[in-house]
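Inside the fold
Given next are the chains, with one letter for each unit.
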Amino acid sequence: MAHKSRLNRPTDQRQAMVRNLVTALFEHERIRTTETRAKEAQRLAEHLISLARRGDLHARRQALAVLYDKQVVKKLFDVIGPRYSDRAGGYTRVLKLEPRRGDGAPMALLELV
């Protein structure tokens, strides 16, 4: 089983943070964050794109339960999902960037392929 990082946060805050990251990813199609956060957000993003590829009502409601913005869910199902209809997974990529200036945290770019 894949190891889930706890990101030094209580469960509710951690889930909210990852949901925010994924919502921003689908809205802007790429986000810059720390490597660890990018990898956690990537797991959820891949799952949601798989739901969008299915495209039925139940999948849409499952996505609405996770993402914070209805417009982003609409974009996910109308634009992003169909884009990957012929792809069998691997919808996102994590590109490592230079460390953050303030604290030297390893940064990464999470983007849709």
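Note: the structure precedes this text.
Overview of the structure. (Residues numbered from 1 in each chain as written. Predicted model: local features only at pLDDT ≥ 70, side-chain atom pairs only at ≥ 80, totals over all residues. Heavy atoms only, no water.)

Of all hydrophobic cores here, the largest spans 27 residues; its most connected members are Val 22, Phe 26, Leu 48, Ile 49, Leu 67 and Leu 76. When contributions to this core are tallied by element, the ones reaching two or more residues are helix H1 (11-28), helix H2 (35-54), helix H3 (57-66), helix H4 (70-83) and strand E3 (107-112). With seven residues, the single largest contributor to this core is H2. Ignoring anything within four residues of it in the chain, the contact list for Phe 26 reads Ala 45, Leu 48, Ile 49, Leu 67, Val 72, Lys 75, Leu 76, Ile 80 and Leu 112. (Core = buried A, V, L, I, M, F, W, Y, C linked by side-chain atoms within 4.5 Å. Buried < 20%, exposed > 50% of the residue type's maximum accessible area, 1.4 Å probe, protein only. Helix = DSSP H or I, 4+ residues; strand = E, 2+ residues; numbered from the N terminus. Contact = heavy atoms within 4.5 Å.)

The subject of this paragraph is the environment of Lys 74. Looking at where Lys 74 falls in the secondary structure, it is placed in helix H4. Between the C-alpha atoms of Lys 74 and Ala 63, which are eleven residues apart in sequence, the distance is 9.8 Å. In this view, Lys 74 contacts Arg 60 and Val 79; residues no more than four positions away in its chain are not counted.

Before going further, it helps to spend a moment on the packing of aromatic side chains. Within the structure shown, the criterion is met by one aromatic pair. Consider the rings of Tyr 84 and Tyr 91, whose centres lie 5.2 Å apart with planes at 50°: the pair is tilted. When its relative accessible area of 3% is taken as the criterion, Tyr 84 is described as buried. (Phe/Tyr/Trp six-rings, centres within 6.5 Å; stacked < 30°, edge-to-face > 60°.)

Next up on the list: H2. Look at H2: 29 Å from first C-alpha to last across 20 residues, which is about the 28 Å you get at 1.5 Å a residue. Listed as buried for H2 are Glu 35, Ala 38, Glu 40, Ala 41, Ala 45, Glu 46, Leu 48, Ile 49, Leu 51 and Ala 52. Those residues of H2 hidden inside the fold are in contact with H1, strand E1 (30-34), H3, H4, strand E2 (92-96) and E3. Gly 55 occupies a position one or two residues after H2 and carries a positive phi of about 75°. (Expected span 1.5 Å × (residues − 1).)

Moving on, we get to the pattern of salt bridges. Here the structure, examined in full by the defined rule, presents eleven salt bridges. Between Arg 93 and Glu 111 there is a salt bridge; the shortest N-O distance is 2.8 Å. Here the residue Arg 93 occupies a position in strand E2, and Glu 111 occupies one in strand E3, the gap between them amounting to 18 residues. Take Glu 111: its relative accessible area is 6%, and that puts it in the buried class. Within this structure, Glu 29, Lys 75 and Arg 83 form a network of salt bridges that share partners. (Salt bridge = Lys/Arg side-chain N within 4 Å of Asp/Glu carboxyl O.)

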